[in-house]
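# Examination of the molecular architecture
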Amino acid sequence: MDIIKTETGHLAEEYKREGVVVVRGALTPFWLDQLRAAVEQELKRGERYFAYRNMRTNPGIFQDFCLKSGVGRLVADIGGSDWTSLIFDQMFVKEPGTKTQTGWHTDQPYWPVAGPIITTWIALDAVDANNGALEFIPGSHAWGQKYRPFTTDQLGGFVDYVKKDDPQYVDMPDFEAERDQHRVVQWDLEPGDLLAFDGFIVHSAMGNRTSIRRRRGYAVRFGLDQARYDPDQGVAEWLEDDLLSPGAPYVSQKFPQIFAR
Ligand SMILES: O=C(O)CCC(=O)C(=O)O
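Overview of the structure. Since we're looking at a predicted model, the values are computed, not measured.

The next point concerns the layout of surface pockets. There is about 820 Å³ of room inside the largest pocket. As for the largest pocket, its lining consists of 34 residues, of which Phe 50, Arg 53, Gln 90, Tyr 110 and Thr 152 are closest to the centre. Contributions of two or more residues to the lining of the largest pocket are made by β2 (83-94), β3 (102-105), β7 (150-152), β11 (203-205) and β12 (215-224). Each residue belonging to the lining of the largest pocket can be placed in one class, and the counts come to 17 nonpolar, 10 polar and 7 charged. Looking at the second largest pocket, its volume works out to about 290 Å³. Mapped by element, the contributors of at least two residues to the lining of the second largest pocket are β3, β8 (158-161) and β11. Per-element tally for the lining of the second largest pocket: the top contributor is β3, with 3 residues. Within the lining of the second largest pocket, the residues separate by chemical class into 9 nonpolar, 6 polar and 2 charged.

Okay, structure coming up:
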């Protein structure tokens, strides 16, 4: 089985500071072909944009990639961790003309996990501002803010907050309105490039404004060695695990350790 790029050089330092890094040419041609084919197969289910997730729980390419490609090691190296656990995977396909935006948000307040989580988001097509590149506010992962989860409509627009009375959260500012006040970064990506980003970083993605260029992304979420189960946090009940005690490392049969030093 092919192993993806594992040379991370200076990236661990940059990741700690910025909360996001890009790994150029991370995928081998083998994995790029396999994941593209697996995405096409999955799309036949005809789900809505945010609903393609947890494919890794079934035997097949997504599972093989998570377990056998070496991505768990890459993540541990970037995050300076002794081990990596596998949380869930998700694919994000913006076909030409897709108006769905991924509004500004942070991920981890939706999930019952405290401590470090890394998402790897892999470009399966060339990606730029026109077809829905991800945008980030570097350093925002370290602001110590836990933004209140909210629901969105089919276009990714804000609908309503959940957990309205829960004091652990604060309402999220309108980052689009105040984007001039922040350093916003975005990378043009080639197929096979990989973004690694923190569960608390503020990020977004526009729709795909092109008429012919697809934007297929494959994301996997990983726990690092300081990640702890926190069932008081989050709204994603499917990420809860009754076999874990609150405060325990977020690793279990459901969320297996896939790399250890
Ligand atoms: O690809 C997208 O549109 C959104 C990705 C995202 O927000 C995430 O993976 O957390």
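Moving on: the pattern of salt bridges. Enumeration over the complete set of coordinates arrives at 18 salt bridges. Close ionic contact of Asp 193 with Arg 24 constitutes a salt bridge, the shortest N to O distance being 2.8 Å. Of this pair, Asp 193 sits in the loop between β9 (185-186) and β10 (194-198) while Arg 24 sits in the loop between β1 (20-23) and α2 (29-43), placing them 169 residues apart in sequence. The exposure class of Asp 193 is buried, given its relative accessible area of 4%. Across the pair Glu 95 and Arg 214 runs a salt bridge, and its minimum N-O distance is 2.8 Å. With Glu 95 in the loop between β2 and β3 and Arg 214 in the loop between β11 and β12, this residue pair connects regions lying 119 residues apart in the sequence. You can call Glu 95 partly exposed: its relative accessible area is 28%.

Those residues of helix α1 (residues 11-18) that sit buried are Leu 11, Tyr 15 and Glu 18. When α1 is viewed along its axis, its buried side chains cluster within an angular range of 85 degrees and face the same direction. Turned more than 90 degrees off the buried face of α1, the exposed positions are Glu 13, Lys 16 and Arg 17. Elements that come into contact with the buried residues of α1 comprise β1, α4 (71-79), β5 (117-123) and β10. Just downstream of α1 lies Gly 19, where phi reads positive at about 80 degrees.

Conventions adopted
Residues numbered from 1 in each chain as written. Predicted model: local features only at pLDDT ≥ 70, side-chain atom pairs only at ≥ 80, totals over all residues. Heavy atoms only, no water. 1 Å grid on protein atoms, 1.4 Å probe; cavity = no way out; pocket = protein on both sides within 12 Å on 5 of 7 lines; lining within 4 Å. Points joined across faces, edges and corners; volume = space filled by probe spheres on them. Helix = DSSP H or I, 4+ residues; strand = E, 2+ residues; numbered from the N terminus. Nonpolar A, V, L, I, M, F, W, Y, C, P; charged D, E, K, R; others polar. Salt bridge = Lys/Arg side-chain N within 4 Å of Asp/Glu carboxyl O. Buried < 20%, exposed > 50% of the residue type's maximum accessible area, 1.4 Å probe, protein only. Arc of directions from axis to C-beta. Contact = heavy atoms within 4.5 Å.

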